[in-house]
Amino acid sequence: MPINFRTARVLPKRAKTHIWIVTTEAVAEGLEQQQPQVLQNADFQGKAEQVFVWPSESQMLALVGVGSQNDLDTQKIRRAGAVIGRKFGNQTWIGVDLSFIDTKDNNLNHAASRQALVEGIALGSYKFLAYKSEGKPAKLNRVDVVGSPNEANQDALEFGCAVADAQMLARDFVNEPGGSLTAPVFADRAASIAGERGLAVKVWEETDIVEGALGGLLGVNRGSTLPPRLLELTYEPDQPAQHTLVLVGKGIVFDAGGLSIKPAQSMMTMKYDMAGGAAVVAAMTAMPKVAPSTRLRAFVPMTDNMLGGDATRPGDVLTIRNGKTIEVRNTDAEGRLVLADALSLASEEKPAAIVDLATLTGACGVALGPKIAGLMGNNDAWVAAIERAAATSGERVWHLPLPADYAKQFESAVADMSNIGGPRGGALIAGLILQEFVAEGIPWAHLDIAGPAWSENEEADSSKGGTGFGVRLLIELAKKFEPPLS
Ligand code: BES
Ligand code: ZN
Ligand code: ZN
């Protein structure tokens, strides 16, 4: 059940809990002399994510800290929201007061704080319960946010809600086991949601994929008993668009590694190898609400990477959609094979820019850890646009190089290239291989989300499992898209 967020002039009497978001300065100054007695001996300073709860006659009252107002940003508010969602998600109606941060002492605009707060509350109350026989979903269905009831404030609440819904949809897709969310199931579910939201949808079935000469996708699918899919989504703005932005996502619904099989430990979480595809699908479903002025196209190649009797063998050569050939020296480097086809298709659109999201390499996870995505690209302005979107969305990315001289590492004796390079710099090699399939002159960026797409811990704004990383970033990117990129 989506949560109903409303702007209210005052905290509503009927809400079970009244919550104030506070800075350390506000607490130190005695909350404008309103400091409750109970706070006097309490160990609460208003630090980020600190919570203090006490009962009054009619309500529970709570303070949630965001730290100092000097370095307050929307991500801190989002995280405070997530603390609220987690802690008070079992109440039906709560009220949140932002007056301590709706001040001129920081650079935040009221709408941006509200959007972040709402995203946090919704994400914090997220649970994946599809397979829990006694799972208890969060009960929260109404949140009143205090502020002047103007359009900007209310729009921000609704926008935040749409963004969070999209991110939770991505989490649901990722958390669904690989044996349940097969390629045909992923394509059907994504297509029906996208269709309901008013996007144009085309699902490429196996015959279309053969006809379309998507040799990478077919090669990876060869070890599977289930057919592959390629999902194509289109968003058309109301006014005829000047530009097209193409989103591409890796949709490996389960990565066993193929004949170059993964060790048991590494295979354990490989249902999340479609997290890039899930983020792309989810972000697209929000576009009719976001209403960017650009046209958007999305391509998500879907298959599992299995070891059936006719699986692609190491040494086999595949021909990608754009005619280039790749020797498959390691069947576990499959993401680049399916993305090669998708990037070729994306290039045929002659778009103003392309961005792809993929859980592409363990190496990127090793380099940047579980919270930061690797960002690579062929155009500095486009890379900078992605860095800006990430800074706004509170998702962390780090620009990595694409060193042209490393391309020697994936030369092949029999084909145009091999699908692997040497043992080091794996994230960059993968990026360089993808670049081979982007047509000359098209700004392209690649986000390797192998680290941040999955969380082993329960954290403020991410639950265990799929995180939905990239959804907020893509929405922000589409909203602010402004070619040409020089
Ligand atoms: N899906 C994996 C990458 C991955 C690893 C994502 C761990 C998330 C967590 C990808 O298909 C893969 O197996 N890549 C290989 C490439 C290698 C064979 C060149 C890898 O990273 O080991
Ligand atoms: Zn793999
Ligand atoms: Zn993979």
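Conventions and cut-offs
Residues numbered from 1 in each chain as written. Chains lettered and ligands numbered in written order. Predicted model: local features only at pLDDT ≥ 70, side-chain atom pairs only at ≥ 80, totals over all residues. Heavy atoms only, no water. Phe/Tyr/Trp six-rings, centres within 6.5 Å; stacked < 30°, edge-to-face > 60°. Helix = DSSP H or I, 4+ residues; strand = E, 2+ residues; numbered from the N terminus. Buried < 20%, exposed > 50% of the residue type's maximum accessible area, 1.4 Å probe, protein only. Lys NZ or Arg CZ within 6 Å of the ring centre and 35° of its normal. Donors = N, O, S within 2.8 Å, 3.2 Å for Na, K, Ca; no water. Tetrahedral: all angles 85-135°; square planar, octahedral: opposite > 155°, others 65-115°. Patch = residues over 30% accessible without salt bridge, like charges linked within 9 Å, V, L, I, M, F, W, Y side chains within 5 Å. Areas by Shrake-Rupley, 256 points an atom, 1.4 Å probe, with all protein chains shown as cover. Salt bridge = Lys/Arg side-chain N within 4 Å of Asp/Glu carboxyl O. Lys, Arg positive; Asp, Glu negative; His and termini not counted. Charge placed at Lys NZ, Arg CZ, Asp CG, Glu CD. Core = buried A, V, L, I, M, F, W, Y, C linked by side-chain atoms within 4.5 Å. Contact = heavy atoms within 4.5 Å. Domains from an automatic or database assignment. Buried area = accessible area lost by both parts, 1.4 Å probe. Pairing = 2+ DSSP bridges. Near = heavy atom within 4 Å. Polar contact = N/O pair within 3.5 Å; in protein donor to acceptor, adjacent residues only side chain to side chain. 1 Å grid on protein atoms, 1.4 Å probe; cavity = no way out; pocket = protein on both sides within 12 Å on 5 of 7 lines; lining within 4 Å. Sits in = over half its atoms within 2 Å of the grid points. Nonpolar A, V, L, I, M, F, W, Y, C, P; charged D, E, K, R; others polar. Axes fitted to C-alpha atoms, helices over the stretch in contact; angles between N-to-C directions.

## Description of the packing of aromatic side chains
- The final tally for this structure, using the stated rule, is 6 aromatic pairs.
- The interplanar angle of 70° and the centroid separation of 5.5 Å between the aromatic rings of W382 and F481 together place this pair among those described as edge-to-face. Residue W382 is located in helix α13 (residues 380-393), and its partner F481 is located in the segment after α15 (471-479); the two are separated by 99 residues in the primary sequence. Like F481, W382 is buried.
- Sitting over the ring of F437, K324 keeps its end group 6.0 Å from the ring centre.

## Brief notes about the coordination of the zinc ion (ligand 3)
- At this site the zinc ion (ligand 3) is bound by K250 (NZ), D255 (OD), D273 (OD) and E334 (OE), with donor distances of 1.9 to 2.4 Å.
- If you look at the zinc ion (ligand 3), its 6 donor atoms make angles of 77 to 173° with each other, and the shape they trace is octahedral.
- Between consecutive donor residues of the zinc ion (ligand 3), the sequence gaps follow K-x4-D-x17-D-x60-E.
- Separating the zinc ion (ligand 3) and the zinc ion (ligand 2) is a distance of 3.2 Å, and D255 donates to both of them. Remark: D273 occurs in the loop between α9 (264-267) and α10 (275-290) and K250 occurs in the loop between β9 (244-249) and β10 (251-255); sequence separation between them is 23 residues.

## Things to note about a positive patch on the surface
- Residues K16, K127, K136 and K139 make up a contiguous surface patch of positive charge.
- Summarising the element assignment, K16 is placed in the loop between β1 (4-8) and β2 (17-22).

## Here's the deal with the environment of G179
- Examined against the element boundaries, G179 turns out to sit in the loop between α5 (151-175) and α6 (183-196).
- Sequence separation of G179 and T319 is 140 residues, and the distance between their C-alpha atoms is 28 Å.

## Looking at the nonpolar core
- F173, V355, W382, L447 and I475 are the most contacted members of the largest nonpolar core, which totals 70 residues.
- Top element by residues in this core is α10. It accounts for 11 residues.
- When neighbours within four sequence positions are excluded, F173 is seen to be in contact with L181, F186, R189, A190, I193, M274, A278 and V281.
- Ranked by size, the runner-up nonpolar core spans 43 residues in total, among them V220, F299, A427 and L432.

## Observations regarding the domain arrangement of the protein
- Domain parsing of the protein yields domain 1 (4-149) and domain 2 (168-479).
- Each of domain 1 and domain 2 has a C-alpha centre, and the two are 36 Å apart.
- Taken together, the contact between domain 1 and domain 2 spans 15 residues of the former and 18 residues of the latter.
- Between domain 1 and domain 2 the total buried area reaches about 1,400 Å² when both faces are included, carbon and sulfur atoms providing 50% of it.
- Together, R86, L123 and Y126 form the three largest contributors to the area buried by domain 1 at its contact with domain 2, with a combined 42%.
- Run the count over domain 1 and domain 2 and you get 3 salt bridges.

## Topic: the pairing of β10
- The element β10 is extensively covered by neighbouring structure, given that 5 of its 5 residues are classed as buried.
- As paired elements, β10 and strand β11 (residues 295-305) share 4 bridges and run parallel to each other. From the neighbouring strand, G251 faces β11, where its bridge partner is M302.

## Some details on the site of ligand 1
- Around ligand 1 there are 16 residues in total, and K262, D273, D332, E334 and G362 lie nearest to it.
- Within the side chain of D273, a nitrogen or oxygen atom sits 2.9 Å from a nitrogen atom of ligand 1.
- One nitrogen or oxygen atom from the side chain of E334 is found 2.8 Å from an oxygen atom belonging to ligand 1.
- In this structure, ligand 1 is accommodated by the largest pocket.
- Across the shell around ligand 1, the residue classes tally to 5 nonpolar, 4 polar and 7 charged.

## Thoughts on the coordination of the zinc ion (ligand 2)
- Every protein donor of the zinc ion (ligand 2) is listed here as D255 (OD), D332 (O), D332 (OD) and E334 (OE), and their distances to the metal cover 2.0 to 2.2 Å.
- Coordination geometry of the zinc ion (ligand 2): the 6 donor atoms subtend angles of 71 to 168° at the metal centre, consistent with an arrangement described as irregular.
- The sequence pattern formed by the donor residues of the zinc ion (ligand 2) is D-x76-D-x1-E.
- D255 sits in the buried class, given a relative accessible area of 3%.
- A residue is classified by how much of its surface remains accessible, and D332, at 21% relative accessible area, is partly exposed.

## Some details on unusual backbone geometry
- Cis geometry marks the peptide bond from P483 to P484; its omega dihedral reads 0°.
- By the secondary structure assignment, P484 is in the segment after α15.

## As for the pattern of salt bridges
- Considering all chains together, one arrives at 25 salt bridges under this definition.
- One salt bridge in this structure joins R86 and E458, with 3.7 Å as the shortest N-O distance. Here R86 is found in helix α3 (residues 74-88), whereas its partner E458 is found in the loop between β19 (454-455) and β20 (465-466), with 372 residues between them in sequence.
- A relative accessible area of 32% places R86 in the partly exposed class.
- Note on E458: relative accessible area 49%, which makes it partly exposed.
- Taking the shortest distance from any N to any O, the salt bridge between R142 and D144 comes out at 2.9 Å.

## Topic: the sheet that holds strand β3 (residues 51-55)
- As summarised here, the arrangement of the 6 strands in space is β1-β6-β5-β2-β4-β3, forming an open sheet in which the pairing is mixed. Looking at which strands have only one partner, the edges of the open sheet turn out to be β1 and β3. Shown here is a sheet whose adjacent strand axes are inclined to one another by a mean of 20°, direction ignored.
- Sheet contacts for helix α4 (residues 110-124): β1, β2, β5 (93-97) and β6 (142-146); angle to β6, the most-contacted strand, approximately 155°.

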